[in-house]
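# Structural characterization, general
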Amino acid sequence: MVNRAVKAAALGNAMEWFDFGVYSYIAVTLGHVFFPSADPTAQLLSTFGAFAAAFLVRPFGGMVFGPLGDRIGRQKVLAVTMIMMAAGTFAIGLIPSYATIGVWAPILLLAARLVQGFSTGGEYGSAATFVAEYAPDRKRGFLGSFLEFGTLAGYIGGAGLVTLLTALMSTDSLESWGWRIPFLIAGPMGLIGLYLRMRLEETPAFAKLAEQAEEGQRERKVPVREMLVGQWRTMLLCIALVLVFNVTDYMLLSYMPSYLTSELHYDETHGLLVVLAVMALMMAVHPFAGRLTDRFGRRPVIGAGCLGFLLLSVPALMLIRQGSLLAIALGMAAFGLLLVCFTSSMPSALPALFPTRVRSGSLSIGFNISVSVFGGTTPLVITALIGATGNMMMPAYYVMAAAVIGGIAVFFMPESNRRPLPGSPPAVETQAEARALRAAAR
């Protein structure tokens, strides 16, 4: 059941970032298909405007699905978010072009993106909670790391597929029908993900909570006020940790390809391939980094990432600015390996901040507020800072500021390594481990 839980949760993250990679890499083509052809720049801006709209509704999705997970169960919410994500992505592949239905084309595109964003708002918090509550205490970091492993796999799959289609198809064919292929793939992927998630049982922690509610020992419905006000210190800690996690993530995976092309005038195709190679490197080391968090703790690994970004961001960006392929690859690899400190740790560290009763809701709300305000705006803010100051080192300075905030959060966060989740009994993997734990308790 633990293996099923990890696979089903990771597939949801993979679907989300498959769409992210497809939409980012095929944005120019989507602009031609869905928006008037008078101004190419306006087309691209409109396409990315529809992309950004999904971030605006993410907190609302978190506020709906997160508390719902604490009320009716994590498994049910994960099934619903999978259906919505797959339906939203699949629908984009069916929308007629602007030339066919006029202004309804961009309106339908925006509607599909809002469905995607709303469902994504409930996905990460519910999936991280689900895996954390199933995982044995000694392997929670390793198993949780597969959530972000799915993220990387999805992005590489989406971007790689678009790159392949672009190389094999003519521009006319791609704009006529080829662009639909990546979006239509989401349908079968969604059915597979839904099948995996429907086979899951509810987590032991939530099952115990539901049993207590039925016996009248607890209220089944948790007010949103309790998730926010009652957990405000922990909520601030969650937002700060997600801030450093997502600012560095979006800087590397979303902004750096544009930085290489627009600011350093590097070949666009080579820049994208370098980013994909860095993500493949991150995937290779990810499970090992997850094991490190189980051995040494979440705080040391996250703290090492914050310290690394603080000390190495300027040298890494200077390497990238040097311009040769080797220098760019080394600088990007340095950023990627530092980012692994966060991607391997956060799926196990964040759920451990909150008690079982409010875990899904508080985590979903805090995570999506931070992603929407800080993570999703990272490319825009860095571009604006470079435009205002003319300083090409702004990406390094921005992530260094995020690293300082993350370091402060690490100082205050409790260590959760090899410990039960708050409000839950110890979780073990074998009968022998259970007997040893009981003997030690005596």
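Bear in mind the structure is a predicted one, so any value in this text is a computation, not a measurement.

Turning to the overall build of the protein, a few remarks are in order. Scanning the protein from N- to C-terminus turns up 21 helices and 0 strands. Since a compact globule built from 442 residues should have a radius of gyration of about 22 Å, the 22 Å found for the protein is in line with a globular shape. Along the first, second and third principal axes, the C-alpha atoms of the protein reach 75 × 50 × 40 Å. Burial status across the protein gives 55% buried among its 442 residues. Pairs at least 24 apart in sequence give 86% of the contacts found in the protein among residues at least 6 apart.

Turning to a nonpolar patch on the surface, a few remarks are in order. A cluster of nonpolar residues, Leu-307, Leu-310, Leu-311, Leu-312, Val-404, Ile-408, Phe-411 and Phe-412, forms a patch on the protein surface that exposes about 820 Å² of accessible area. Elements with a minimum of two residues in the nonpolar patch: helix 15 (298–322) and helix 20 (394–412). Looking at the element boundaries, Ile-408 is found in helix 20.

Turning to unusual backbone geometry, a few remarks are in order. One non-glycine residue with positive phi stands out, namely Arg-418, at about 60°. Mapped onto the elements of the fold, Arg-418 is located in the loop between helix 20 and helix 21 (431–441). Arg-418 sits in the partly exposed class, given a relative accessible area of 43%.

Compared with the 18 Å implied by 1.5 Å per residue over 13 residues, the 18 Å span of helix 10 (residues 186–198) between its first and last C-alpha is a close match. Where helix 10 is concerned, the buried positions are Ala-186, Gly-187, Gly-190, Gly-193 and Arg-197. Across the axial projection of helix 10, the buried residues extend over an arc of 125°, all falling on one side. Exposed and oriented more than 90 degrees from the buried face of helix 10 are Leu-191, Ile-192 and Tyr-195.

Another aspect to go through is the nonpolar core. One recurring pattern in soluble globular proteins: nonpolar side chains tend to sit buried together. Within the largest apolar cluster, 107 residues are counted, with the highest numbers of intra-cluster contacts made by Leu-241, Phe-342 and Leu-350. Examining the composition of this core, we find that 17 residues originate from one element, helix 13 (residues 232–263), more than from any other. If we ignore the near neighbours within four places in the chain, the residues touching Leu-241 are Ile-302, Met-346, Leu-350, Leu-353, Gly-406, Ala-409, Val-410 and Met-413.

Where helix 15 contacts helix 20, the axes come no closer than 9 Å and their chain directions differ by 160°. Here helix 20 runs roughly antiparallel to helix 15, going by the angle between their axes. Along this stretch, helix 15 crosses helix 20, giving a crossing that reads as left-handed. Within the contact between the two elements, helix 15 uses Arg-299, Ile-302, Gly-303, Cys-306, Phe-309, Leu-310, Ser-313, Val-314 and Leu-317 and helix 20 uses Pro-395, Ala-396, Tyr-397, Val-399, Met-400, Ala-403, Val-404, Gly-406, Gly-407, Val-410 and Phe-411. Along the lines of polarity and charge, the residues of the contact of helix 15 with helix 20 split into 15 nonpolar, 4 polar and 1 charged.

What follows deals with the packing of aromatic side chains. The final tally for this structure, using the stated rule, is 10 aromatic pairs. One aromatic cluster is present, formed by Phe-34, Trp-179 and Phe-183 through successive ring pairs. One residue, Arg-291, lies across the ring of Phe-142, its end atom 3.9 Å from the ring centre.

With their axes 8 Å apart at the nearest point, helix 4 (residues 74–92) and helix 6 (residues 104–134) run at an angle of 150° to one another. Between helix 4 and helix 6, the crossing angle belongs to the class labelled roughly antiparallel. Seen from above, helix 4 lies across helix 6 with left-handed handedness. Residue composition of the contact of helix 4 with helix 6, by class: 11 nonpolar, 10 polar and 4 charged.

Taken as a whole and assessed by the stated rule, the structure comprises 8 salt bridges. The residue Glu-133 makes a salt bridge to Arg-74 at a minimum N-O spacing of 2.7 Å. Of the two residues, Glu-133 sits in helix 6 while Arg-74 sits in helix 4, which places them 59 residues apart along the sequence. The buried category is assigned to Glu-133, whose relative accessible area is 6%. The closest approach of N and O atoms between Arg-359 and Glu-133, which form a salt bridge, is 2.6 Å. Highlighted residues: Arg-359 in helix 18 (residues 359–375) and Glu-133 in helix 6, separated in sequence by 226 residues.

This paragraph deals with the environment of Pro-204. As for its placement among the helices and strands, Pro-204 is situated in helix 11 (residues 204–214). Ignoring anything within four residues of it in the chain, the contact list for Pro-204 reads Glu-133 and Tyr-134.

Our next topic: the side chain of Ser-126. Within the secondary structure, Ser-126 is located in helix 6. The class for Ser-126 is buried, based on a relative accessible area of 0%. There is a polar contact of 2.7 Å between the side chain of Ser-126 and the backbone oxygen of Gly-122. The residues touching Ser-126, leaving out its near neighbours within four places in the chain, are Phe-65, Val-77, Leu-78, Ser-360 and Ser-364.

A few words now on the side chain of Thr-129. By secondary structure assignment, the location of Thr-129 is in helix 6. Only 2.8 Å separates the side chain of Thr-129 from the backbone oxygen of Gly-125, close enough to count as a polar contact. Here Thr-129 is in contact with Arg-74, Pro-351, Arg-359, Ser-360 and Leu-363, once residues within four sequence places are set aside.

Criteria and thresholds
Residues numbered from 1 in each chain as written. Predicted model: local features only at pLDDT ≥ 70, side-chain atom pairs only at ≥ 80, totals over all residues. Heavy atoms only, no water. Helix = DSSP H or I, 4+ residues; strand = E, 2+ residues; numbered from the N terminus. Rg over C-alpha atoms; globule rule 2.2 N^0.38 Å. Buried < 20%, exposed > 50% of the residue type's maximum accessible area, 1.4 Å probe, protein only. Contact = heavy atoms within 4.5 Å. Patch = residues over 30% accessible without salt bridge, like charges linked within 9 Å, V, L, I, M, F, W, Y side chains within 5 Å. Areas by Shrake-Rupley, 256 points an atom, 1.4 Å probe, with all protein chains shown as cover. Salt bridge = Lys/Arg side-chain N within 4 Å of Asp/Glu carboxyl O. Expected span 1.5 Å × (residues − 1). Arc of directions from axis to C-beta. Core = buried A, V, L, I, M, F, W, Y, C linked by side-chain atoms within 4.5 Å. Axes fitted to C-alpha atoms, helices over the stretch in contact; angles between N-to-C directions. Parallel < 35°, antiparallel > 145°, perpendicular 65-115°, else oblique. Left-handed = near helix turned anticlockwise from the far one by under 90°. Nonpolar A, V, L, I, M, F, W, Y, C, P; charged D, E, K, R; others polar. Phe/Tyr/Trp six-rings, centres within 6.5 Å; stacked < 30°, edge-to-face > 60°. Lys NZ or Arg CZ within 6 Å of the ring centre and 35° of its normal. Polar contact = N/O pair within 3.5 Å; in protein donor to acceptor, adjacent residues only side chain to side chain.

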